[in-house]
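Structural features, examined
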Amino acid sequence: MQPFEIPAQVHRILFMRHPESVANTQRFFSGRRNVELTEHGVEQREHAVRALVAFNPDRIWTSPLSRCKDMAEMAASQLGVPCEVKDDLAEMDFGILESKRFVDAEEILKPYGLTFPWSSDENGHSIPAPEAESYEQVRCRCRNILNEFSGLSGRTVCISHGGYLRSMMAEIFGIPGSLSWNVHLANVSSIFFTSTGGSDFKLGGFNLDPEEVIRRSTKSSFYDFRDIWGVTEGDK
């Protein structure tokens, strides 16, 4: 095998965030609650489903929350592939901040001496709001998903949430959970990794809109001698 060549049994993984919801536009913490999509979000979902079909996964895993699950089931139905609900892909639980506006978080947490994003104690462990998940708890769920990838090849799609996917990136790259909140992640944008097993996860694309996923999934790249996306001339 030449240096940097992608092995034949590589696992290609696409994480995608859900479409725009009323919580996104009205700027409140939705967390574990089901919230409706906006009209724009419904349009985004159509684009996202086309992208998922173009990616042509062998399996689709989804958060149980409707803003993810509905889109996952639409794509799986068109593809004829399994769609499996994974509780570990659910959004982080924001505890007493759930359904509260972002701008009110500081006042709500002030009596507890807490902040959002969560601050850390002297040992580097996050201090969540009452009834909320710590970064470490969310990352434990992320690790469960990464462990499930062990032994898989082909293509897997995971549909999840902004907070969760930031934690997933922190877990993969081994950075503090608080730093992951410095990342912009648009609705129906995707993060693409390749893996050859174990803890080997290599970032191949970030914040990709659906049209970019379609292009990379269907057209070989003039610039990519490693064929990261697994597309060769004549595949499509």
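A quick note: this is a predicted structure, and the numbers were derived from the prediction, not measured.

**Structural notes on the sheet that holds strand β3 (residues 83-85)**
- The strand order across the open sheet built from six strands is β3-β2-β6-β1-β7-β8, with neighbouring strands paired in mixed fashion. Strand pairing shows two members of the sheet lacking a second neighbour, β3 and β8 (200-208), which therefore form its edges. Recorded for the sheet is a direction-independent mean angle of 20° between the axes of neighbouring strands.
- Examined bridge by bridge, strand β2 (residues 59-62) and strand β6 (residues 154-160) share four bridges and lie parallel to one another. When the bridges of β6 are listed, T62 appears paired with I159.
- Here helix α7 (residues 210-218) sits on the sheet and contacts β1 (11-17), β7 (190-197) and β8; the angle it forms with β8, its principal contact strand, is near 130°.

**Overview of the UniProt feature "binding site: substrate" (unreviewed entry) in the protein**
- Here the UniProt feature "binding site: substrate" (unreviewed entry) sits at R17, H18, P19, E20, S21, V22, A23, N24 and R67.
- Locating R17 in the fold gives a position in strand β1.
- Looking at the element boundaries, A23 is found in helix α1 (residues 22-26).

**Here's the deal with the packing of aromatic side chains**
- As enumerated under the stated definition, the model contains 16 aromatic pairs in all.
- Taking the centre distance of 6.4 Å and the plane angle of 35° together, the rings of W118 and Y135 count as tilted. With W118 in the loop between α4 (105-109) and β4 (119-120) and Y135 in helix α5 (residues 135-148), this residue pair connects regions lying 17 residues apart in the sequence.
- The class of W118 is buried, set by a relative accessible area of 2%.
- Through pairs of rings, three or more aromatic residues link up here, namely F29, F94, F102, F116, W118, Y135 and W181.

**Looking at the side chain of S195**
- Relative to the helices and strands, S195 resides in strand β7.
- Assessed through its relative accessible area of 4%, S195 is described here as buried.
- In this structure the side chain of S195 is engaged in a polar contact, spanning 3.1 Å, whose partner is the backbone nitrogen of G197.

**Digging into the UniProt feature "active site" (unreviewed entry) in the protein**
- Under the UniProt annotation, the feature "active site" (unreviewed entry) is placed at H18 and E91. A maximum C-alpha distance of 10.6 Å among these annotated residues, which run over 74 residues, shows that they cluster at one spot.
- Mapped onto the elements, H18 comes out in the loop between β1 and α1.
- Given the relative accessible area of 3%, H18 is considered buried.

**Let's talk about the nonpolar core**
- Counting residues in each nonpolar core, the largest one holds 30 residues, and the members touching the most others are F15, W118, F149, Y164 and M168.
- When contributions to this core are tallied by element, the ones reaching two or more residues are β1, α4, α5, α6 (162-173) and β7.
- If sequence neighbours within four positions are ignored, Y164 has contacts with D88, L89, A90, E91, V138, R141, C142 and I145.
- Ranked by size, the runner-up nonpolar core spans 23 residues in total, among them A72, A75, V81 and V231.

**Digging into the pairing of β1**
- The buried fraction of β1 is high, at seven of seven residues.
- The alternating pattern of β1 places H11, I13, F15 and R17 on one face and R12, L14 and M16 on the opposite face, and all of these are buried.
- Summarising the sheet, β1 and β6 pair through seven bridges and their orientation is parallel. Among the inter-strand pairings, R17 is bridged to a residue of β6, identified as S160.
- With six bridges joining them, β1 and β7 adopt antiparallel strand pairing. Residue pairing in the sheet places H11 in a bridge with S195 of β7.

Thresholds, definitions, all that
Residues numbered from 1 in each chain as written. Predicted model: local features only at pLDDT ≥ 70, side-chain atom pairs only at ≥ 80, totals over all residues. Heavy atoms only, no water. Pairing = 2+ DSSP bridges. Helix = DSSP H or I, 4+ residues; strand = E, 2+ residues; numbered from the N terminus. Axes fitted to C-alpha atoms, helices over the stretch in contact; angles between N-to-C directions. Contact = heavy atoms within 4.5 Å. UniProt positions renumbered as here; feature names shortened; annotations may be inferred. Phe/Tyr/Trp six-rings, centres within 6.5 Å; stacked < 30°, edge-to-face > 60°. Buried < 20%, exposed > 50% of the residue type's maximum accessible area, 1.4 Å probe, protein only. Polar contact = N/O pair within 3.5 Å; in protein donor to acceptor, adjacent residues only side chain to side chain. Core = buried A, V, L, I, M, F, W, Y, C linked by side-chain atoms within 4.5 Å.

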